[in-house]
Amino acid sequence: MPASPPKPPSDAPPRSTRRRGDAPTLADVARAAGVSDMAASSALNGGRRGSARVSAETRERVLAAAERLQYRPNATARALASQRTNAIGFVANFQGDEPNLYVLEVFSGVIQGATAAGQTPVVFTLSDWQEARVRLPALCDGRVDGLVLLGPRLPPDSAAWLPQHTPMVSVHADHPLAGVANLETDDEAGAHDMVRELLARGHRRILHIGGPQAYAGANRRVDGYLRAHAEAGVKPAAGHVIRAPLSIEGGREAMQAWLERHRGRQLPDAVFGGNDAIAFGCIEALRARGLRIPEDVSVVGYDHTLMARSVQMATMRQPLHEMGRRAVELLLARIEAIRQQAPLPDAANLVLPTAIVPGVTLGPARSARVLVT
């Protein structure tokens, strides 16, 4: 029986065994290009610039096959090979229903810094920092290269359980954390400067609605309030330092309650909110009583968030965006040191400057006595 004539060569690419719906693999690309898996890998990793392991013709064929199949490299495999995920975690405590503009301002800086460095930011939320003992070690399982911690309030024994293999940088840590670089502003000095400005404008009865006592930064701002009074030789009026949650609702309710308790007594000359949200809530409560800002009472905040900028509130500016961006720079330096098995940079505490931002909510001291009604 005569032999069958040989089949003519086909220009069609090898038939794929990939099932419909499956993501294309490196093997699929190699099969479509008619090369080995190793050659396909070399061509793809070399990109258009090329690899010495494959010819220009092979490289173009592999890249064309990858584009035709819409192939995307496996991120997990690349991370294992490079010992980098090129992802950084951002850990913050979210409470309540209000958008936290302080968090968003810092995070916008983290996004900018990460994007400039070719990193992917990943957000991890905590309902309370008491979860950190369990959650932080769990986040250091290789899914990210390092963590930026915003406002961490960790117990004194945290050095015993914080993972050492995953670098971390904090922003506004309540107290120094072993091996963790920190960025902050001087809360005591910032509050001192704001109250000194109020006193210089002739305000004498200054109500400070600060953040919760559990927050070290809030306590330092109270210290600054008191120091400014002491330096000016002015004794704060009784009951003129109170605490509230760091939110619009917290400020509004604290202001309403203070006004109720002080019916028939003198209205403060000025209100200093522990943050912009508290100050904004105070403005709402005061205006609901028919009081004018700043003609009857001045109101100032702290942070210079979008909220303050949108209503031109007088406030103390913290460079929140810059702090987020610089936190990423510090973190990447520590990540690279670990990858290179080099000594870690010093876990420094960087203090950035604050500045008073004038606004329409701050005026001179009123000349007439105004009573709470």
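Bear in mind that the values here come from a model prediction, so they are computed numbers and not experimental data.

Enquirer: For this particular structure, what's the right way to read the packing of aromatic side chains?
Expert: Aromatic rings considered in pairs are described by the distance between their centres and by the relative angle of their planes. Enumeration over the complete set of coordinates arrives at two aromatic pairs. Seen in terms of ring centroids, Phe272 and Tyr302 are 6.4 Å apart; in terms of plane orientation they differ by 40 degrees. Their pairing is tilted. Taken together, the residues span a long stretch of sequence, with Phe272 in strand β8 (residues 270–273) and Tyr302 in strand β9 (residues 298–303) at a distance of 30 residues. With respect to class, Phe272 is no different from Tyr302; both count as buried. Here the guanidinium or amino end of Arg153 rests over the ring plane of Tyr215, the centre of that ring lying 4.3 Å away. One Lys or Arg, Arg221, reaches over the ring of Tyr302 and ends 3.8 Å from the middle of that ring.

Enquirer: It is not clear to me how the nonpolar core should be interpreted in this structure. Could you clarify?
Expert: One broad rule of soluble globular proteins: the nonpolar side chains tend to lie buried together. Judged by nonpolar contacts, the single largest core of 24 residues is most densely connected at Ile209, Met255, Leu267, Val271 and Leu286. Those elements that provide at least two residues to this core are β6 (206–210), α9 (248–261) and α10 (276–288). In terms of residues, this core owes the most to one element, α10, which gives six residues. Setting aside chain neighbours within four positions, we find Leu286 in contact with Met255, Leu259, Leu267, Val271, Leu291, Ile293, Val297 and Val299. Counting residues in each nonpolar core, the second largest holds 23 residues, with Tyr102, Val171, Ala181 and Leu320 among its members.

Enquirer: Hey, could you run me through the packing of α9 against α10 in this one?
Expert: Relative orientation and spacing of two packed helices are given, respectively, by the angle between their axes and the distance between those axes. Two elements in contact, α9 and α10, have axes separated by 6 Å at closest approach and are oriented at 45 degrees. It follows that α9 is oblique to α10 by the angle criterion. Both α9 and α10 take part in a crossing whose hand is right-handed. Facing α9, whose interface residues are Ile248, Gly251, Arg252, Met255, Gln256 and Leu259, α10 presents Ala277, Ile278, Phe280, Gly281, Cys282, Glu284, Ala285 and Leu286. The class makeup of the residues in the contact of α9 with α10 is nine nonpolar, three polar and two charged.

Enquirer: It is not clear to me how the packing of helix α1 (residues 26–33) against helix α3 (residues 56–69) should be interpreted in this structure. Could you clarify?
Expert: Packing of α1 against α3 leaves a shortest axis separation of 9 Å and a crossing angle of 120 degrees. It follows from the interaxial angle that α1 and α3 lie oblique. In terms of crossing hand, the pair formed by α1 and α3 is right-handed. Note on element contacts: α3 touches α1 through Arg61, Val62, Ala65, Ala66, Arg68 and Leu69, opposite Asp28, Val29, Ala32 and Ala33. Tallied by class, residues from the contact of α1 with α3 come to seven nonpolar, no polar and three charged.

Enquirer: What should I look at first to understand the environment of Pro345 in this one?
Expert: Along the polypeptide, Pro345 turns up in the loop between α12 (320–339) and β11 (349–352). Accessibility expressed as a relative area gives 35% for Pro345, which makes it partly exposed. When the C-alpha positions of Pro345 and Leu331 are compared, they lie 9.9 Å apart, and in sequence the two are 14 residues distant. Among all residues touching Pro345, those that are not within four sequence positions of it are Ala333, Arg334 and Ala337.

Enquirer: What is the right way to read the environment of Met194 from this model?
Expert: The residue Met194 is located in helix α7 (residues 187–200) in this model. By relative accessible area, Met194 is classed as buried at 0%. Ignoring sequence-local partners within four residues, the contact set of Met194 consists of Phe272, Val300, Gly301, Thr315, Met316 and Ile356.

Enquirer: So what exactly am I meant to see when it comes to the pattern of salt bridges here?
Expert: Between side chains of opposite charge, a pair can form as their charged atoms come close. Scanning the model with the defined rule gives 20 salt bridges in all. Arg135 is paired through a salt bridge with Glu131; the nearest N and O atoms lie 3.5 Å apart. Under the relative-accessibility criterion, Arg135 is labelled partly exposed at 27%. Here Asp141 makes a salt bridge to Arg143, at a shortest N to O gap of 2.8 Å. Arg143 sits in the partly exposed class, given a relative accessible area of 42%. One salt-bridge network, in which partners are shared between bridges, spans Asp187, Arg220 and Arg221.

Enquirer: I tried to follow the sheet that holds strand β3 (residues 146–150) on my own but got confused; where do I start?
Expert: Backbone hydrogen bonds are what pair the strands of a sheet, in a parallel or an antiparallel way. Pairing is parallel across the open sheet formed by six strands, whose spatial order is β2-β1-β3-β4-β5-β11. Each edge of the open sheet carries a strand with a single partner, namely β2 (120–126) and β11. Neighbour-to-neighbour, the strand axes of this sheet turn through a mean angle of 20 degrees, independent of strand direction. Inspection of the sheet shows strand β4 (residues 168–171) paired to strand β5 (residues 181–185) by three bridges, in the parallel sense.

How each quantity is defined
- Residues numbered from 1 in each chain as written.
- Predicted model: local features only at pLDDT ≥ 70, side-chain atom pairs only at ≥ 80, totals over all residues.
- Heavy atoms only, no water.
- Phe/Tyr/Trp six-rings, centres within 6.5 Å; stacked < 30°, edge-to-face > 60°.
- Helix = DSSP H or I, 4+ residues; strand = E, 2+ residues; numbered from the N terminus.
- Buried < 20%, exposed > 50% of the residue type's maximum accessible area, 1.4 Å probe, protein only.
- Lys NZ or Arg CZ within 6 Å of the ring centre and 35° of its normal.
- Core = buried A, V, L, I, M, F, W, Y, C linked by side-chain atoms within 4.5 Å.
- Contact = heavy atoms within 4.5 Å.
- Axes fitted to C-alpha atoms, helices over the stretch in contact; angles between N-to-C directions.
- Parallel < 35°, antiparallel > 145°, perpendicular 65-115°, else oblique.
- Left-handed = near helix turned anticlockwise from the far one by under 90°.
- Nonpolar A, V, L, I, M, F, W, Y, C, P; charged D, E, K, R; others polar.
- Salt bridge = Lys/Arg side-chain N within 4 Å of Asp/Glu carboxyl O.
- Pairing = 2+ DSSP bridges.

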